[in-house]
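Per-entry structural report
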Amino acid sequence: VSLAHTLSCRPVRVGALDWLALHALALWPHGAYLIQRAADGSDDPLGLLALAAVAALVVWHRHGLRVTPRLGWLVASMAVAIAANGAWWAGVPALLASLFAALSLVCALLAWWPATQVRLPLAGLVLLALPWIASLQFYLGFPLRVITAQLSAWGLQAAGFDATRSGASMLVNGQLVIVDAPCSGVQMAWLAYFTACAAAAATGLSDRLFARRAAMVGAIVLLGNVLRNSVLVALESRPAGLSAAWHEAIGLAVLAAVCVAVLALVQRKEAPHV
Amino acid sequence: MPTLQAPRREPLSIGRVLACIALSIIAAIALVAWGPAQADDAEARAAESPYFHVKSDDATLDALPLKGTQVDVKISGVIADVVVTQHYRNEGQRPIEAKYIFPGSTRAAVHAMNVRLGDRMITAQIREKQRARLEYDAAKREGKTTALLEQERPNVFSMNVANILPGDDVRVELKYTELIAPDAGQYRFVFPTVVGPRYRSPNAAPANGHLSATAHLPEGVKSNTTFDLSVQLHAPLPVSEVVSHTHKLEAQGVGTERVTLALADEGQRDNRDFILEYKLGGERTATGLMLYRAPNEPNAENFFLALVEPPKQVAPVQINPRDYIFVVDISGSMHGHPLNTAKVLLRNLISGLRPSDSFNVVLFSGSSRVLSEQSVPATQANIARAIKTIEQMGGGGSTEIVPALRRVAALPKPADVSRSVIVVTDGYVAVENEVFQLVRRNLDHFNVFAFGIGSSVNRHLIEGLARAGQGEAFIVTKPERAAEQADRLRRIIDSPVLTQLKARFTGVEVYDVEPASLPDVMAGRPVLVWGKWRGNPQGAKLILQGHAASGSHTEVVDAPTPDADAVALKHLWARQRIAQLGDEEALMGGQTQREPITALGLKYGLLTQYTSFIAVDHVVRTQQAAVPVDQPLPLPEGVSKLAVGNTNASQTFGAVVPSTPEPRLVFALLVMALLGMAAWGRRQRIAAAAR
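Quick summary incoming for the structure in this document.

About the thresholds
- Residues numbered from 1 in each chain as written.
- Chains lettered and ligands numbered in written order.
- Predicted model: local features only at pLDDT ≥ 70, side-chain atom pairs only at ≥ 80, totals over all residues.
- Heavy atoms only, no water.
- Helix = DSSP H or I, 4+ residues; strand = E, 2+ residues; numbered from the N terminus.
- Buried < 20%, exposed > 50% of the residue type's maximum accessible area, 1.4 Å probe, protein only.
- Contact = heavy atoms within 4.5 Å.
- Areas by Shrake-Rupley, 256 points an atom, 1.4 Å probe, with all protein chains shown as cover.
- Pairing = 2+ DSSP bridges.
- Core = buried A, V, L, I, M, F, W, Y, C linked by side-chain atoms within 4.5 Å.
- Axes fitted to C-alpha atoms, helices over the stretch in contact; angles between N-to-C directions.
- Parallel < 35°, antiparallel > 145°, perpendicular 65-115°, else oblique.
- Left-handed = near helix turned anticlockwise from the far one by under 90°.
- Nonpolar A, V, L, I, M, F, W, Y, C, P; charged D, E, K, R; others polar.
- Salt bridge = Lys/Arg side-chain N within 4 Å of Asp/Glu carboxyl O.

Quick look at the overall build of chain B now. Secondary structure summary: chain B contains eleven helices and 33 strands in total. Considering chain B as a whole, with its 691 residues, one finds that 54% of them fall into the buried category. For chain B, long-range pairs separated by at least 24 residues make up 76% of all intrachain contacts whose partners lie at least 6 apart in sequence. For chain B, the computed accessible surface area is about 31400 Å², with 53% contributed by carbon and sulfur atoms.

See the structure below:
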């Protein structure tokens, strides 16, 4: 005799999409935070793009979602959601609380996710939805800029330029060029990882391979940013300088090249084991 | 018996990841910490940036302790004796330590300081700089009233007065001597009243030395301190054409040998240099040889000063074509009035070029840009284009003069053409030594003429640039005065009056003569020779020989009777020697001349970069710690708040420092969308082919 029968009520069947929607609704303070950060200009609205990609993936695989959720992941998702909301009301920094919320959403998705589909890229996209860019610029921006400036200086020296680095600035042929916050490559890194996650999710790259290649995406981004910076600095050090249009064009060309390299990396078939 | 052995486990992949992260962090830290070796800068304190004074709400603290400055000037012949009295009073309820950054003449030999505290007078002692600082700190801790005068630049001083108790009235008196050398028959006495906000470059070398931060009152706010100045002029010839273009004057006795002057301005007086100009007996100047005989004491030294007028300039027969590079400061401190003055000056300078000349224009602030890759002929079209470019300039951003001059040095130059670099700036930077070094190291490429623009120019930079570049310094305070200075530059460049100049004495033994080799004499400037003498100067002569446009030129000056009162010559000689050593130090970098400069400062009792004046009261007056208070300065007249505030690159019109920002997000997303579509299309094609 089921408990439901004893209590004279019928069990309610909830579909995967409904459950996920309800779960997302339970995390509304964090969603409002994401929208607020995107709207007030304190961070780039890229997170919304990642959320849209997650939603598109869920809709794409809606027919393959499990009928009964994995209980472990479901319980974990609820526990982490309670922790996320508790952290929010307890005044924990909003980004940290939202990280719990994102993890909770990942758990909820994995509870319903088809066994045949990849998981890590999905988790990656959910994490990319958080407003990381400004915080990464603040904490990682300077080391990244110094590394970029130093590698650029070495590259330009090898190409015959009189280039030295001082802090995050460069002196090239007597011309001072600053490698400031917008030059750090954080935006390029976000876009490259987004490309990697989206492409891996679309092509069904195994989680193991994705984890291995995600580290190489970082190297591609660093190389791409150093290349972009070196070309721009070399052209800026000419007496005539460089127009804003050329700045944009060169930056976009390098970004496109980085994304194509990431796509090629993600779509590459694994070499057969001997 | 087989032993049990735990199976060796491969490290967890998470461990590898953590190891990689740790290695990356260590590498990043090592990279940040690593830097090129820099010579002897362990003790160097960098220059500090200027800032705006914020009014305190604390009613118990007197945040503006300097109540007034009184300047008394006595000019006898070519020597000015100046007494500056700074009046501090604490109208708060807590003891304070006042710090006041103030300017001085670049040629001043500061030789005495007294502190009047109520009815007591404390005479300051000259000490080695570090020792003076230690004594000052110790007296401050003990609760004694103490004053410390330090030199931060040859024309910037810092006065620290500690333990000014509530109700105290402290008057600090400092005395200096300077030479007033005539220029084309005109005498000019300059008393700077305010230090302009100096731009501190983040890339400045430590060799430039420490420069304290200056607190500035906001634009348009007058200082609360009074400023008064009086001049007594005693000349051997009647004084005429007494004029000041900077302040209104009340003059008595003009046309006689004794003139008395006082300020007549009602408004603000201390936000611009005081510049007094006069002539003696028409076109004549009081030149010749002056001798000082020391009292009969062991090791007493006698000094001389020769001030000889050059011959009149002769119009040159043939003028060789020249290449001119105009280097124009368009930084934030030049915004508004100074840049407008610079534009008038440049219109005058550029439009006066001959068609056979060539020229180029370098505009700099945080970055620099040139009119063209190489110099262009001074055709009407090119001149019009240059003037149009200059007219479009606003003023904004920082003042990176060193990279701009490096760029000038790298500009291509035809081997057979002489190049003159004309620098136009207010000089509000803290990298003077680096600039002098750069100019000297490129002397075979060009000589430098420096135009100081504005009401309170950094004369140390302007005069030093001209000295290092074997050129001449010009000051233009107003647009109306631009044309005459442009004309003067043309006259000077066209033909130096005397070259290969040599000075020798007969009938008396001279030694420690300054300068060691005489520079070429420009139009109107007298020849100046300092030194010591011994023996009997009766019948002695100074013989100056050089090449003038008309051929060989010789000037003979008879020695007068030595004067026991001309003690100022001693200070002026020592000041000149110290300046010479300072120039050498700036060229070498580091503190290579520290010992000789310190020795000269201590021996002759002069304020130098390595010696300071310290006065300590013997009475312990308080147990309460003094609150440090920085006396704010007004902004120099015509200088806008852009000279102090950080300006946003997008808000400025000048050439800002370029950077390499990533492309705009909207374009980046567009590229991503295109790539996504292309990838999707490719997948579809491959899938269709497979079917």
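Having seen the model, we can carry on.
All names here are of chain B. For the peptide bond that leads from Glu-514 to Pro-515, omega is -5°, which places it in the cis range. Summarising the element assignment, Pro-515 is placed in the loop between β28 (509-514) and β29 (527-534). With phi around 60°, Asn-163 is a residue other than glycine that occupies positive phi space. If you trace the backbone, Asn-163 turns up in strand β9 (residues 156-164). A residue is classified by how much of its surface remains accessible, and Asn-163, at 1% relative accessible area, is buried. Its identity as a non-glycine residue notwithstanding, Glu-241 has a phi of 50°, on the positive side.

In this section: the pairing of strand β33 (residues 627-630) of chain B. All names here are of chain B. Covered by surrounding structure in β33 are Val-627 and Val-629 only, the residues Pro-628 and Asp-630 on the alternate face being uncovered. As defined by bridge partners, strand β4 (residues 96-103) adjoins β33 across four bridges and the pair is classed as parallel. Note that in β33 the partner of Lys-99 across the bridge is Asp-630.

Here the focus is the nonpolar core. Membership of the largest hydrophobic core comes to 86 residues, with the highest contact counts inside it found for B:Tyr88, B:Met113, B:Leu149, B:Phe189, B:Phe191 and B:Tyr278. Element by element, the count of residues in this core is highest for helix α9 (residues 568-588) of chain B, at seven residues. When sequence neighbours within four positions are dropped, the list of residues in contact with B:Phe191 reads B:Val71, B:Val82, B:Val84, B:Tyr176, B:Phe227, B:Leu229, B:Asp273 and B:Phe274. Counting residues in hydrophobic clusters, the runner-up holds 68 residues, among them A:Leu34, A:Val106, A:Leu191 and A:Ala256.

Right, let's talk about the packing of helix α9 (residues 186-203) of chain A against helix α11 (residues 665-690) of chain B for a bit. Contact geometry of α9(A) with α11(B) gives a least axis separation of 12 Å together with a crossing angle of 20°. If you check the angle between α9(A) and α11(B), you find them roughly parallel. The two elements α9(A) and α11(B) cross, and the hand of that crossing is right-handed. On the side of α9(A), the interface is formed by A:Gln187, A:Leu191, A:Phe194, A:Thr195, A:Ala202 and A:Thr203, while α11(B) contributes B:Leu665, B:Ala668, B:Leu669, B:Met672 and B:Arg683. Classifying every residue of the contact of α9(A) with α11(B) gives seven nonpolar, three polar and one charged.

Looking now at the side chain of B:Asn155. Residues and elements named next belong to chain B. Summarising the element assignment, Asn-155 is placed in the loop between β8 (144-153) and β9. Classification of Asn-155 as buried rests on a relative accessible area of 5%. When near neighbours in sequence (up to four residues on either side) are disregarded, Asn-155 contacts Phe-102, Pro-103, Gly-104, Ser-105, Thr-106, Arg-198, Asn-458, Arg-459 and His-460.

Below, the discussion takes up the sheet that holds β28(B). Within a beta sheet, neighbouring strands are joined by backbone hydrogen bonds and run either parallel or antiparallel to one another. Residues and elements named next belong to chain B. With antiparallel pairing, four strands are arranged side by side in an open sheet as β18-β19-β29-β28. Each edge of the sheet is formed by a strand with only one pairing partner; in this case those strands are β18 (288-292) and β28. Direction aside, neighbouring strands of the sheet carry axes that sit 25° apart on average. Sheet topology note: the β28/β29 ladder contains four bridges and is antiparallel. Across the sheet, Glu-514 pairs through a bridge with Trp-530, a residue of β29. Against the sheet, α9 makes contact with β18, β19 (302-308), β28 and β29, and its axis sits at roughly 50° relative to β28, the strand it touches most.

All names here are of chain B. What the rule picks out here adds up to 43 salt bridges over all chains. Of the charged contacts, one joins Arg-198 and Glu-432 as a salt bridge, the two residues approaching to 3.5 Å between their closest N and O atoms. Of the two residues, Arg-198 sits in the loop between β11 (186-191) and β12 (215-216) while Glu-432 sits in helix α6 (residues 432-441), which places them 234 residues apart along the sequence. Using a relative accessible area of 6% as the deciding quantity, one classes Arg-198 as buried. Under the relative-accessibility criterion, Glu-432 is labelled buried at 0%. Residues Arg-577 and Glu-514 are paired through a salt bridge, measuring 2.3 Å at the closest nitrogen-oxygen approach. A residue pair is termed long-range when its members are at least 10 positions apart, and Arg-577 in helix α9 and Glu-514 in strand β28 qualify at 63 residues. The class for Arg-577 is partly exposed, based on a relative accessible area of 22%. Here the residues in one salt-bridge network are Asp-62, Lys-67, Arg-89, Glu-91, Asp-169 and Arg-171, joined through shared partners.

Right, let's talk about the sheet that holds strand β17 (residues 274-280) of chain B for a bit. Residues and elements named next belong to chain B. Read across the open sheet, the three strands follow the order β11-β17-β14; overall the sheet is antiparallel. Each having just a single partner strand, β11 and β14 (239-243) make up the two edges of the open sheet. Geometrically, the sheet is characterised by an average inter-axis angle of 20° between neighbouring strands, direction not taken into account. Where β11 meets β17, six bridges bridge the pair, whose relative direction is antiparallel.

Here the focus is the environment of B:Val156. Residues and elements named next belong to chain B. Tracing the sequence through the fold places Val-156 in strand β9. Taking the C-alpha atoms as reference points, Val-156 and Ser-212, 56 residues apart in sequence, are found 9.7 Å from one another. Apart from residues lying up to four places away in sequence, Val-156 is in contact with Ile-101, Phe-102, Pro-103, Glu-150, Gln-151, Val-195, Arg-198 and Leu-211.

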